[in-house]
Amino acid sequence: MPLAAATVAAVLAAAPASAAPRAVPSETVSRSVPSATPTPASGTAPLALTLPAPTGKDQVGTVALHLVDPTRTDPLVPGHQPRQLMISIWYPAAHTHGYPTAPYTPAAAATHLEAGLGTSPDAVTLPATVGHVDAPVDRRGGPHPVVLYSPGSGEDREFGTAQVEQLASDGYIVVTIDPTHDAGEVEFPDGTLALSTLPTQISDAFRTELIDLRAADASFVINELTDIHHGGNPSVEHTPLPTGLKGALDLSRIGMFGHSDGGATAATAMRDDPRIKAGLDMDGTLYGPVATSGLHRPFLLLSAQDLGDDPTWETFLAHSTGWKRWLRLTDSEHLSFTDAEAIYPQAAPLLGFSSADLAQLVGTLDPTRSITVQRTYIEAFFGQYLEHQPSLLLNAPSPAYPEIQFVH
């Protein structure tokens, strides 16, 4: 999301000199309210932000679902309330004619998001998506492998849309999960907003608890997907599901990826739930037992360009017995692995970002190239371990992608 110019100095001052350690993600800091909201010149249309279109052969459908887990209370709010989640399912669509595209984020959440980041609908419009709401599922080639996505601390599930749409266009069913009361804003179907209740400073012990909570959310979501696959609908009462979703999920082929704390969640969820066969962490420090015990199933670490090394990744790799790699994307920063990679450079002229500001926020690699390289390696990894399609890209550096360095 674009930041107001007034907040840039605070964000850049808070950004670490290297991507390690990443204990306090910079995206959390970026949510401070600016002193002023930029407005366009009189008569000027709002700046329309865009994301790179997916390149897969499939059209994309999507549906948002409200899930309630009556067996767990939400530890982030008082009153012993049941844990509630919003998820979006993105999938290959049989056809999309007559089905509207989904907004980047629902209306109330968008208003809150824009206000918190110093923008307004008069100045900027959020990106359009390619997901068509409730379009029928394409059953050809199915059932489809399933990939879960978890965003970083303070981020909403929409912040990985560029990568999620790409996977869906290539035949995956992708499920994005909002970490309620950790995400900046989560909008439920009745328009209620669940806002973040997290303090600005978070201890490692509390962050470990948050990631354990997210991992439990992931397992709950897999349970719900299992019910949906078999024709049930227990926790999404009165919500119509897209035609063809029943029977379309291959729950023997589940992967998970995420950014920052979302990447750490992928590792912890894999430790806790054997149904997740492969995981990918994009620039997230690891927490809890998995950091020292490692994993016995395939796991990919994809980091930003940094000057040092993350000790949790070193220990994790040393104790992991499954397939493992640590790849580094050159000339990138922590937020390069979110939609900010595409959005910040577009918003820079309006918000007064200098080239130095952008370099500290999303690095210096061309945004379109950065997203393309990320898409290529994410798909190579899940293709190898969920679709049994070995990729030479994961074995050694490729001259076609010199931006990727093999660290381990």
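Here the structure is shown first, and the text comes after it.
Basis of the calculations
Residues numbered from 1 in each chain as written. Predicted model: local features only at pLDDT ≥ 70, side-chain atom pairs only at ≥ 80, totals over all residues. Heavy atoms only, no water. Helix = DSSP H or I, 4+ residues; strand = E, 2+ residues; numbered from the N terminus. Contact = heavy atoms within 4.5 Å. Salt bridge = Lys/Arg side-chain N within 4 Å of Asp/Glu carboxyl O. Buried < 20%, exposed > 50% of the residue type's maximum accessible area, 1.4 Å probe, protein only. Pairing = 2+ DSSP bridges. Axes fitted to C-alpha atoms, helices over the stretch in contact; angles between N-to-C directions. Phe/Tyr/Trp six-rings, centres within 6.5 Å; stacked < 30°, edge-to-face > 60°. Parallel < 35°, antiparallel > 145°, perpendicular 65-115°, else oblique. Nonpolar A, V, L, I, M, F, W, Y, C, P; charged D, E, K, R; others polar. Expected span 1.5 Å × (residues − 1). Core = buried A, V, L, I, M, F, W, Y, C linked by side-chain atoms within 4.5 Å. Left-handed = near helix turned anticlockwise from the far one by under 90°. Polar contact = N/O pair within 3.5 Å; in protein donor to acceptor, adjacent residues only side chain to side chain.

Some words on the overall build of the protein chain
- Each helix and strand in the protein chain was counted, giving 11 helices and 14 strands.
- Summarising the internal contacts of the protein chain: among those between residues at least 6 apart in sequence, 76% fall at separations of at least 24.

Examining the pattern of salt bridges
- For the coordinates displayed, the defined rule picks out 15 salt bridges.
- Close ionic contact of Asp58 with Lys57 constitutes a salt bridge, the shortest N to O distance being 3.3 Å.
- Overall, Asp58 belongs to the buried group, its relative accessible area being 12%.
- Between Arg72 and Asp217 there is a salt bridge, with the nearest N and O atoms lying 2.8 Å from each other. Separated by 145 residues along the polypeptide, Arg72 in strand 2 (residues 59-73) and Asp217 in helix 5 (residues 204-229) bring together distant segments of the chain.
- Owing to a relative accessible area of 1%, Asp217 belongs among the buried residues under this scheme.
- Through salt bridges with shared partners, a single ionic network connects Asp69, Arg72, Asp74, Arg83 and Asp217.

Section: the sheet that holds strand 14 (residues 404-406)
- Strand order across the open sheet formed by 10 strands is 5-2-3-7-6-10-11-12-13-14, with mixed pairing between neighbours. Two strands lie at the open edges of the sheet, namely strand 5 (131-133) and strand 14, each paired on one side alone. Within the sheet, the average angular offset between the axes of one strand and its neighbour, ignoring direction, is 25°.
- The strands that helix 11 (residues 367-386) touches are strand 6 (144-150), strand 10 (249-259), strand 11 (276-282), strand 12 (299-304), strand 13 (324-329) and strand 14; relative to strand 11, the one it contacts most, it runs at about 160°.

Topic: the packing of aromatic side chains
- Summed over the entire model, instances satisfying the criterion amount to 10 aromatic pairs.
- When the ring of Phe257 is compared with that of Phe382, the centres are 6.0 Å apart and the planes differ by 70°; the resulting orientation is edge-to-face. Note that Phe257 is positioned in strand 10 and Phe382 in helix 11, a separation of 125 residues in sequence. In terms of burial, Phe257 and Phe382 fall into one category: buried.
- Clustering of aromatic rings is evident, with ring pairs tying together Tyr149, Phe257, Trp323, Phe381, Phe382 and Tyr385.

Things to note about the packing of helix 9 (residues 340-351) against helix 11
- Contact pair helix 9 / helix 11: the axes reach a minimum separation of 9 Å and the direction vectors enclose 175°. In terms of their interaxial angle, helix 9 and helix 11 are classed as roughly antiparallel. Taken together, the residues of helix 11 that come into contact with helix 9 (itself represented by Glu341, Ala342 and Pro345) are Pro367, Ser370, Ile371 and Gln374.
- Its residues placed into classes, the contact of helix 9 with helix 11 shows four nonpolar, two polar and one charged.

Considerations on helix 6 (residues 261-272)
- Between its first and last C-alpha atoms helix 6 spans 16 Å; for 12 residues at 1.5 Å apiece the expected length is 16 Å, and the two agree.
- Most of helix 6 is tucked away, with 10 of its 12 residues classed as buried.
- Every buried residue of helix 6 is listed here: Asp261, Gly262, Gly263, Ala264, Thr265, Ala266, Ala267, Thr268, Ala269 and Met270.
- Structurally, helix 6 contributes buried residues whose contacts are with strand 6, helix 5, strand 10, strand 11, helix 7 (290-293) and strand 12.

Some points on the nonpolar core
- If you look at the biggest cluster of nonpolar residues, it comprises 46 residues, and the most contacted ones within it are Ile89, Val146, Leu148, Val175, Val221 and Leu225.
- Counting residues per element, this core draws most heavily on helix 5, at eight residues.
- Every residue in contact with Ile89, bar those within four places of it in the chain, is listed here: Gly61, Thr62, Val63, Leu65, Ile173, Val174, Val175, Leu225 and Leu245.
- Counting residues in hydrophobic clusters, the runner-up holds 32 residues, among them Phe257, Leu365, Tyr377 and Ala380.

Structural notes on the environment of Pro121
- Relative to the elements of secondary structure, Pro121 occurs in the loop between helix 3 (107-116) and strand 4 (124-125).
- Along the sequence, Pro121 and Leu47 sit 74 residues apart, while their C-alpha atoms lie 9.1 Å from each other.
- Not counting chain neighbours up to four residues away, the residues in contact with Pro121 comprise Pro46 and Glu114.

Description of the environment of Gly231
- For Gly231, the location among the structural elements is in the loop between helix 5 and strand 10.
- Since its relative accessible area comes to 47%, Gly231 is described here as partly exposed.
- Between the C-alpha atoms of Gly231 and Lys246, which are 15 residues apart in sequence, the distance is 5.4 Å.

Focus on the packing of helix 5 against helix 6
- Two numbers describe how helix 5 lies on helix 6: the axes approach to 8 Å, and their chain directions differ by 60°. Crossing hand, helix 5 versus helix 6: right-handed. Contact residues: Arg207, Ile211, Asp212, Arg214, Ala215 and Ala218 in helix 5; Asp261, Gly262, Ala264, Thr265, Thr268, Ala269, Arg271 and Asp272 in helix 6.
- Class assignment of the residues belonging to the contact of helix 5 with helix 6 gives a composition of five nonpolar, three polar and six charged.

Structural notes on the side chain of Asp310
- Mapped onto the elements, Asp310 comes out in the loop between strand 12 and helix 8 (311-319).
- A residue is classified by how much of its surface remains accessible, and Asp310, at 2% relative accessible area, is buried.
- Reaching out from Asp310, the side chain makes a polar contact with the side chain of Thr285 at a distance of 2.8 Å.

Notes on the pairing of strand 13
- Burial runs high along strand 13: five of the six residues are buried.
- Examined bridge by bridge, strand 12 and strand 13 share six bridges and lie parallel to one another. When the sheet's bridge partners are listed, Phe299 is paired in strand 13 with Lys324.
- Strand direction decides the pairing type here: strand 13 and strand 14, joined by three bridges, are antiparallel. Across the sheet, the residue bridging to Leu329 is Ile404, located in strand 14.

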